[in-house]
Amino acid sequence: QVQLVESGGGLVQPGGSLRLSCAVSGSGFRVGAMGWYRQAPGKERELVALIRSDGSAAYGDSVKGRVSASRDNAKNTLDLEMNTLNDEDTAVYYCNARVMDRTSKVSFEWGPGTQVTVSS
């Protein structure tokens, strides 16, 4: 069974920085693309960052230039560095991973989310 766990959320002041981490655990699967998404109250979930297994990355327009994602394929971890945060970055941040099991079945797994609040 695949499990995703996020960490690193919390309260940060405007203009500050924060680092989020995601770890994929379990056995009998391979991890493909991994990503961070966020959802603010009353808004749809949106892409923050996506890193494919080949290392290529894509970032959401609202965070482009302020965030950087990195992954460790050996450890199945994904980190997100966020800078120059503002109140519009307040949201629950979710980790997502495309996984393939031994039967080649593909699924998209989500973590429970971690709250990020930007406030003075």
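Residues numbered from 1 in each chain as written. Predicted model: local features only at pLDDT ≥ 70, side-chain atom pairs only at ≥ 80, totals over all residues. Heavy atoms only, no water.

1. A look at the overall build of the protein
Our working rule: Only DSSP runs of H or I with at least four residues qualify as helices, and only runs of E with at least two residues qualify as strands; both kinds are numbered from the N terminus onward. Every radius of gyration here is taken over C-alpha atoms, with the globule rule written as 2.2 Å times N^0.38, N being the number of residues. Here's how the labels work: a residue is buried when its accessible area is under 20% of the maximum for its type, exposed when over 50%, partly exposed in between, all with a 1.4 Å probe on protein chains only. Here, residues are in contact when the closest pair of their heavy atoms is within 4.5 Å. For the accessible areas, the method is Shrake-Rupley and the probe is 1.4 Å, while residue cover comes only from the protein chains on display. Think of it this way: Lys and Arg go in the positive column, Asp and Glu in the negative one, and His and the chain ends go nowhere. To locate a charge, the coordinates of NZ of Lys, CZ of Arg, CG of Asp or CD of Glu are taken.
Helix and strand content of the protein: 0 helices and 11 strands. Going from the N terminus to the C terminus, the protein shows its helices and strands as β-β-β-β-β-β-β-β-β-β-β. For the protein, the C-alpha radius of gyration of 14 Å lies close to 14 Å, the compact-globule estimate for 120 residues. Overall size of the protein, expressed as C-alpha extent along the three principal axes, is 50 × 25 × 25 Å. Residue burial in the protein is summarised as follows: out of 120 residues, 38% are buried. Sequence separation of at least 24 residues holds for 54% of the intrachain contacts in the protein that already meet a minimum separation of 6. Of the accessible surface of the protein, which amounts to about 6,600 Å², a share of 46% is contributed by carbon and sulfur atoms. Within the protein, one finds 13 positive and 13 negative side-chain charges whose respective centroids are separated by 6 Å.

2. Quick notes on the environment of Leu 80
Tracing the backbone through its elements, the reader meets Leu 80 in strand β8 (residues 77-82). Distance from Leu 80 to Gly 8, taken between C-alpha atoms, is 9.5 Å for residues 72 residues apart in sequence. Contacts of Leu 80, omitting those with residues within four sequence positions, involve Leu 18, Arg 19, Leu 20, Trp 36, Val 48, Ala 49, Val 67, Ser 68, Ala 69 and Tyr 93.

3. Points about the nonpolar core
So the rule is basically this: For our purposes a nonpolar core is just a set of buried Ala, Val, Leu, Ile, Met, Phe, Trp, Tyr and Cys residues, chained together by side-chain atoms within 4.5 Å.
Trp 36, Leu 80, Met 82 and Tyr 93 are the most contacted members of the largest nonpolar core, which totals 29 residues. For this core, the secondary-structure elements that each account for two or more residues are β3 (18-25), β4 (29-39), β5 (46-51), β7 (67-72), β8, β9 (91-101) and β11 (114-118). It is β9 that contributes the most residues to this core, 5 residues altogether.

4. Topic: the sheet that holds β7
This is how it is decided: Two strands qualify as a pair provided that DSSP identifies no fewer than 2 bridges between them. For helices, the fitted line uses only the C-alpha atoms of the stretch in contact; every axis is such a line through C-alpha atoms, and the angle between N-to-C directions lies from 0 to 180 degrees.
Spatial ordering of the open sheet is given by β1-β3-β8-β7, a layout of 4 strands whose pairing is antiparallel. Each edge of the open sheet is held by one strand with a lone partner, namely β1 (3-7) and β7. Each strand axis lies, on average, 15° off the axis of its neighbour in the sheet, ignoring direction. Bridging between β1 and β3 involves 5 bridges; their strand directions are antiparallel. Across the sheet, the residue bridging to Glu 6 is Cys 22, located in β3.

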